[in-house]
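A closer look at the structure
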Amino acid sequence: MKRSLIAALIATLPLLTGQSIGQEKAKAAPKPVTGYTDTPFLPGGKWRVHDDARPRPEVVTPGKTAADAPSDAIVLFDGKNLDEWVMEKDNAPADWIVKDGHLEVPPKGQGVGGYIKTKREFRDVQLHIEFATPEKVEGDSQGRGNSGVFFLGSFELQILDSYENPSYADGQASALYGYKPPLVNAVRKPGEWQTYDIIFEAPEWDADGNLLEKAYITVLHNGVVTHHRQPYLGATGHKSVANYNRVIESGPIKLQDHGNPTRFRNIWVRELDLDAHE
Ligand code: MG
């Protein structure tokens, strides 16, 4: 009886002092080192090496897989509608075919179709887009599953059925059309779904319209690097040399109607602030 009374008193001691044993432990723990205030300055003198005052990167929740839109993406096509798109020629609602969760270039000669573009304008972006060239191979060379993704409405990354297709090198899938072939041909067979994961950097100009920085593109085609920060020669042309004669600072993302029933799905874009941590 005496022993249990003493044990009960001991048990209440932390309460009497206003502290739990756990709290004492927490107080005693050393503060974790989250950064430094006495390290040398990085070039430019704004931030120290490991600077504790430097803002941490913004948190983004990734998609379930790398193909799914992360939390800060703008979904341009989720298989349901073309609300984010209009016709390039007259800004009318986009009239491409939406069915079975994908988008398809409409057949020729029925009074529909033409290039479509996003309602929004962009500059530096990360774009994910999935496409499938027609399973039934019709036509040849540049007539097979031809389409394209245009940045700022002007800089094309080619889409083509490049599976055993001898068409010209700078017109193959993942080419900067009319200029730079992809590092390798990473194409899948006709009808199979393929992915482009793209980082596009818009060109920069001074106030007088002189080019300061070219446009650059980095591309993974089906997970394979086909361009690594490749500069564009200029806005894409056909049978002409690309150039920077026009000041193009921002613009829509555009998809090409080349008269082939190429399909698309799961299109999302992230606007990039490439100067975020300067
Ligand atoms: Mg094309």
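These lines cover the structure that appears in this document, whether it is placed above or below.

What counts and what doesn't
Residue positions are counted from 1 within each chain, in the order its sequence is given. Confidence filtering applies because this is a predicted model: local features only for residues at pLDDT of at least 70, side-chain atom pairs given and counted only at 80 or more, and all residues used for totals across whole chains, interfaces and linings. In this description a helix means any DSSP run of H or I spanning at least four residues, a strand means any run of E spanning at least two, and both kinds are numbered starting from the N terminus. In this description the radius of gyration comes from C-alpha coordinates, and the expected globular size is given by 2.2 Å times residues to the power 0.38. Every C-beta atom is placed from the backbone, and the number of other C-beta atoms within 10 Å of a residue's own sets its class: buried at 20 or more, exposed at 12 or fewer, partly exposed in between. Buried Ala, Val, Leu, Ile, Met, Phe, Trp, Tyr and Cys residues whose C-beta atoms connect them within 7 Å together make up a nonpolar core. What counts as a contact is two residues whose backbone-derived C-beta atoms lie within 7 Å of each other. DSSP bridges decide pairing: two strands pair if at least two such bridges lie between them.

1. So, the overall build of the chain
- Counting secondary structure elements, the chain contains two helices and 15 strands.
- Rg of the C-alpha trace for the chain: 28 Å, well past the compact-globule value of 19 Å for 278 residues, more than 25% over.
- Its C-alpha atoms put the chain at 100 × 50 × 35 Å along the principal axes.
- Relative to its full complement of 278 residues, the chain shows a buried share of 27%.

2. Considering the nonpolar core
- Counting residues in each nonpolar core, the largest one holds 41 residues, and the members touching the most others are Val149 and Ile217.
- Those elements that provide at least two residues to this core are strand S1 (74-77), strand S6 (125-132), strand S7 (147-151), strand S8 (155-159), strand S9 (194-201), strand S12 (216-221) and strand S15 (263-271).
- For this core, the element with the most residues is S6, which contributes four residues.
- For Ile217, the residues in contact, after removing those within four places along its chain, are Leu157, Leu176, Ile198, Phe200, His227, Gln230 and Tyr232.

3. What to know about the sheet that holds S7
- Here we have five strands laid out as an open sheet, ordered S2-S5-S14-S7-S8, and antiparallel in their pairing. The strands lining the two open edges of the sheet, one partner per strand, are strand S2 (85-87) and S8.
- Across five bridges, S7 lies against S8 in antiparallel orientation. Counterpart to Gly148 in the pairing with S8 is Gln158.

4. Things to note about the pairing of strand S13 (residues 224-231)
- Pairing between S12 and S13: five bridges, direction antiparallel. In the sheet register, Val219 faces S13, and the bridge partner there is His227.
- Between the antiparallel neighbours S12 and S13 lie two residues, among them Asn222 with a positive phi of about 55°.

5. So, the environment of Asp124
- Considering the arrangement of structural elements, one finds Asp124 in the loop between strand S5 (116-118) and S6.
- Taking the number of C-beta atoms within 10 Å as the measure of exposure, Asp124 has 18 and is therefore partly exposed.
- For the pair Asp124 and Val33, spaced 91 residues apart in sequence, the C-alpha to C-alpha distance is 35 Å.
- Sequence-distant contacts of Asp124, that is, excluding residues within four places in its chain, are made with Phe200, Glu201, Ala202, Leu272 and Leu274.

6. Observations concerning the environment of Ile198
- Looking at where Ile198 falls in the secondary structure, it is placed in strand S9.
- Given 23 C-beta atoms within a 10 Å radius, Ile198 is considered buried.
- Along the chain, Ile198 and Val225 lie 27 residues apart, while their C-alpha atoms are 9.9 Å from each other.
- Those residues in contact with Ile198 that lie beyond four places of it in its chain are Gln126, Leu127, Leu157, Ile217, Thr218 and Val219.

7. Points about unusual backbone geometry
- The residue Asn222 is not glycine, and still its phi comes out positive at about 55°.
- With respect to the element layout, Asn222 can be found in the loop between S12 and S13.
- Judged by local crowding, Asn222 falls into the partly exposed class, with 16 C-beta atoms found within 10 Å.
- Notably, Asn266 is not glycine yet its phi reads approximately 45°, a positive angle.
- Mapped onto the secondary structure, Asn266 falls in strand S15.

8. Topic: the environment of Ala94
- Note on placement: Ala94 falls in the loop between S2 and strand S3 (97-99).
- You can call Ala94 buried: it has 25 C-beta atoms within 10 Å.
- The spatial distance from the C-alpha of Ala94 to the C-alpha of Asn81 is 9.5 Å, given a sequence separation of 13 residues.
- What Ala94 contacts, discounting residues up to four positions off in sequence, is Leu82, Trp85, Val86, Met87 and Ile116.

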